[in-house]
Amino acid sequence: EDEAGAPAAEAVVSRSERGSYGSVVGRLMAPGGPLSDAELVSSFRNLMEAVKAEVEASEGRPPLSKSVVVYFSIRDMTKFALLNRVYKAAFGTVNPPSRCCVEMDLSENEWLRIQVLTPAKADLERSREIMHVQSISRWAPSCVGPYSQAARFGDCVYVSGQLGLDPPTMAFVEGETLARELEKTIQHCESVCEAVGSAFSSDLVKLVVFVERGAAGLGLGGLAEGCGAEGLPRVYVEVPKLPKGARVELHPFLYSPKGTEGAEITVVAAAAVAEGVGVKGKCAGVEGTACAYAAEIGDGTQWEEVEAAVYGALARFGLEREDVVVFNLYFVGGLPLLGEGSCFGTLPVQSFPVSGCGLGEDMGAKAVVEVLAHRA
């Protein structure tokens, strides 16, 4: 057990209303320097209490345990198991939300960041369905933490970050190539999607591919490029570490109405170019329901160009800026950092410094925006 004590880091929490969702972002800031394990646990517990209070602040909002998906960015993956105990206490063990967890090169004072997407109102809870399998099996890995394999909200499905573990042993195969690890990860995505009544190959709207730093040179084999329809937004991000020592993690988002066969997903290749600069983007979605947009940003690009491209993608599918639930900015080097609480117009931005990113596995872009809009 960790030692009790006052939190050694500051909990910074904010909430924004995003159409069908509430989005709560919590950051653990420790300007005073390194934290002991006991201080980290105490501070994270304090942060989760503040996140819970913000999620449940008003009557008519669902409890934290009824969240849809959690994005968990941590500065040091070796603390993952330590923090999981606090996370479990906050979200519970009965049908917890899906989750994607990675190590990120957060700023010097930021130890972790958590974004929680919840139904905006309690009456939207009926649109939330969870698949939570904890037993060891051969069809897909059991969860390596207090989260569910997939969460359906309305007509869309958030699949938790998938790793290429061997399901019966919950370990990686020694000496396995990166391409084989990615192939198994894709197979796990297919199994989870099938279990929730979706098809990974045809229902995919957006795919984020997290790659451990240095692993990309071992060869991804172009496997992820074959996931879903040609031209879908696929965002590649190089990160320092992934859970369980994985070299690749896939985080899919799907459109899959219950009781129907096949999804009518429209893929649009979009480009907005100004003199000497440009935004190369791709978007996919379903009219009035969902839109995923991703773009590489070149040197000298004006933020207004990116904003116009995002709004254009939303309009293409009949969605509004308040429907945007995820807006991640990954950047390499000196791109201006949009800090906590800053916005792109009325679009909340989460920014992450990374060592590599792009819309292809070469990850040669200066910066990438990843946008997801969903109206449940």
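Rules of the game
- Residues numbered from 1 in each chain as written.
- Predicted model: local features only at pLDDT ≥ 70, side-chain atom pairs only at ≥ 80, totals over all residues.
- Heavy atoms only, no water.
- Helix = DSSP H or I, 4+ residues; strand = E, 2+ residues; numbered from the N terminus.
- Buried < 20%, exposed > 50% of the residue type's maximum accessible area, 1.4 Å probe, protein only.
- Contact = heavy atoms within 4.5 Å.
- Pairing = 2+ DSSP bridges.
- Axes fitted to C-alpha atoms, helices over the stretch in contact; angles between N-to-C directions.
- pLDDT = per-residue confidence, 0-100.

Colleague: I tried to follow the environment of G161 on my own but got confused; where do I start?
Modeller: With respect to the helices and strands, G161 occurs in the loop between β8 (156–159) and α3 (178–195). Overall, G161 belongs to the buried group, its relative accessible area being 11%. Those residues in contact with G161, other than ones at most four positions away along the chain, are R99, C100, E249, L250 and H251.

Colleague: What is the right way to read the sheet that holds strand β5 (residues 110–119) from this model?
Modeller: Paired through their backbone hydrogen bonds, the strands of a sheet run either parallel or antiparallel. Strand order in the open sheet made by the five strands is β1-β2-β5-β3-β4, with mixed pairing throughout. Each having just a single partner strand, β1 (10–18) and β4 (98–103) make up the two edges of the open sheet. Each strand axis lies, on average, 10° off the axis of its neighbour in the sheet, ignoring direction. Here nine bridges tie β1 to strand β2 (residues 21–29), and the two strands are oriented antiparallel to one another. In the strand pairing of β2, V13 is matched with G26. The strands that helix α1 (residues 37–55) touches are β1, β2, β3 (69–74) and β5; relative to β2, the one it contacts most, it runs at about 155°.

Colleague: Could you clarify how one ought to interpret the confidence of the model for the chain in this entry?
Modeller: Low pLDDT means the predicted coordinates in that region are not meant to be read closely. For the chain, per-residue confidence averages 85 on the pLDDT scale, and 87% of positions sit at 70 or higher. Segment residues 272–276 is flagged for pLDDT under 50; beyond a separation of four residues in sequence, or across chains, it makes six contacts in the model. Confidence drops under pLDDT 50 across residues 337–343; counting only partners more than four residues distant or on other chains, this segment forms 13 contacts.

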